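Chain residues, written in single-letter form:
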Amino acid sequence: MDNATLITTYLALLVAALAGSLHCIGMCGPILVAFSGAMKSPVSQDVAAPAPSVAWSFLWYHAGRIWTYAALGLLAGYVGGCLRHGSSLVGWQRAIGFTAAALTIFLGLALFGIIPSLRLDKSGACGIKKIWTMPLLRSLLRHNSAASRLLLGAIMGLLPCGLVYGMLAIVATMPTPWHAALGMSIFGIGTIPSLTAVLVTTHLVPARWRGAGTRVAAIMVILTGVWMAVRTIIDLCGNHVA
């Protein structure tokens, strides 16, 4: 992957995150509203927390999410590197390239809702229905330390999410695990504006906006998958010409 392709992929991840975070609001918004109420109340529900304290709570929460995304990216990059290395030893690198592209396109189509049996934009896909059964999260909500907010964000970053799956499929094709970790960090940063708006205002984005954001993110994932396939074809044709 050359530098131009790498930068283009990073930009695609950022755009997908900015648009896809509207999808995240639809899937995880109710949980974020609950978190917001807890973050804004330090000890007593009758005493509002100072603005700087709330801001730091949000900052640590997002830092935890991004740390988890980066760790997942590091793992995806390592697995992707191992697959590429192993496939190159047996001459299957082109097959792996096409498989990665096809998987990315498939996840994009699923996120778009074209595959009815595998809709990744349903609330159940993000594990929201099971979130309140986790005693650890309930305990973290009752504490206001930086560590509790950081851990809370880190756990939320692990919730099953179709959009995250698509991003992981993309970064798995990057040159090194560190490039992949950076890609997922960029994705996490791109989700901050919309999610922060929900945390601050405790109001959800209208459904039509969330749907539009999901579709834009899905299109970005699909286009990235198509580009991955085209790049593999160009590489294959170049080798045949040589």
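Residues numbered from 1 in each chain as written. Predicted model: local features only at pLDDT ≥ 70, side-chain atom pairs only at ≥ 80, totals over all residues. Heavy atoms only, no water.

A look at the overall build of the protein
Applied cut-off: Secondary structure is summarised from DSSP: a helix means a run of H or I of at least four residues, a strand means a run of E of at least two, and numbering begins at the N terminus for each. Burial here depends on accessible area, computed with a 1.4 Å probe over protein chains only, as a share of the maximum for the residue type. Under 20% is buried, over 50% is exposed, and the range in between is partly exposed. Contacts are assigned to residue pairs with any non-hydrogen atoms lying within 4.5 Å of each other. The Shrake-Rupley method, run with a 1.4 Å probe sphere, supplies the accessible areas, and residue values consider only the shown protein chains as cover.
Looking only at helices and strands, the protein has 10 helices and zero strands in total. Reading the secondary structure of the protein in the N-to-C direction produces α-α-α-α-α-α-α-α-α-α. Here the protein holds 242 residues, and 45% of them are scored as buried. Contacts in the protein between residues at least 24 apart in sequence constitute 80% of all its contacts with a sequence separation of at least 6. As presented, the protein carries roughly 12000 Å² of accessible surface, and 74% of it is formed by carbon and sulfur atoms.

Some words on the packing of helix 7 (residues 162-171) against helix 8 (residues 177-190)
Heads up, the condition is: Note on method: axes are straight lines fitted to C-alpha atoms, helices fitted across the in-contact stretch only, with angles between N-to-C directions ranging 0 to 180 degrees. Orientation is classified from the angle alone, with under 35 degrees giving roughly parallel, over 145 giving roughly antiparallel, 65 to 115 giving roughly perpendicular, and any other angle giving oblique. Helix crossings are classified by the rotation of the near helix relative to the far one: an anticlockwise turn of less than a right angle makes the crossing left-handed, while a clockwise turn makes it right-handed. Residue type decides the class: Asp, Glu, Lys and Arg count as charged, Ala, Val, Leu, Ile, Met, Phe, Trp, Tyr, Cys and Pro as nonpolar, and the leftover types, Gly among them, as polar.
At their nearest, the axes of helix 7 and helix 8 sit 9 Å apart, and the two run at 150 degrees to each other. Looking at the two axes, helix 7 sits roughly antiparallel to helix 8. The handedness of the crossing between helix 7 and helix 8 comes out as right-handed. Touching Leu163, Val164, Met167, Leu168 and Val171 of helix 7 are Ala180, Gly183, Met184 and Phe187, all from helix 8. Here the residues of the contact of helix 7 with helix 8 are counted per class, giving eight nonpolar, one polar and no charged.

Some thoughts on the environment of glycine 162
Among the secondary structure elements, glycine 162 is positioned in helix 7. Here glycine 162 falls in the buried class, since its relative accessible area comes to 2%. Along the chain, glycine 162 and alanine 110 lie 52 residues apart, while their C-alpha atoms are 8.1 Å from each other.

Some thoughts on the side chain of serine 185
If you trace the backbone, serine 185 turns up in helix 8. By relative accessible area, serine 185 is classed as buried at 16%. Each residue touching serine 185, except ones within four places of it in the same chain, is listed here: Ile66 and Ala70.

Description of the confidence of the model for the protein
Definition in use: Values of pLDDT, ranging from 0 to 100, describe the predictor's confidence in every residue of the model.
The predicted model of the protein has a mean per-residue pLDDT of 75, with 64% of residues at 70 or higher. Across the protein, the element-wise mean pLDDT spans from 51 in helix 4 (residues 128-131) up to 95 in helix 8. When the criterion is pLDDT under 50, residues 42-48 qualifies, and its contacts beyond four places in sequence or with other chains add up to seven contacts.

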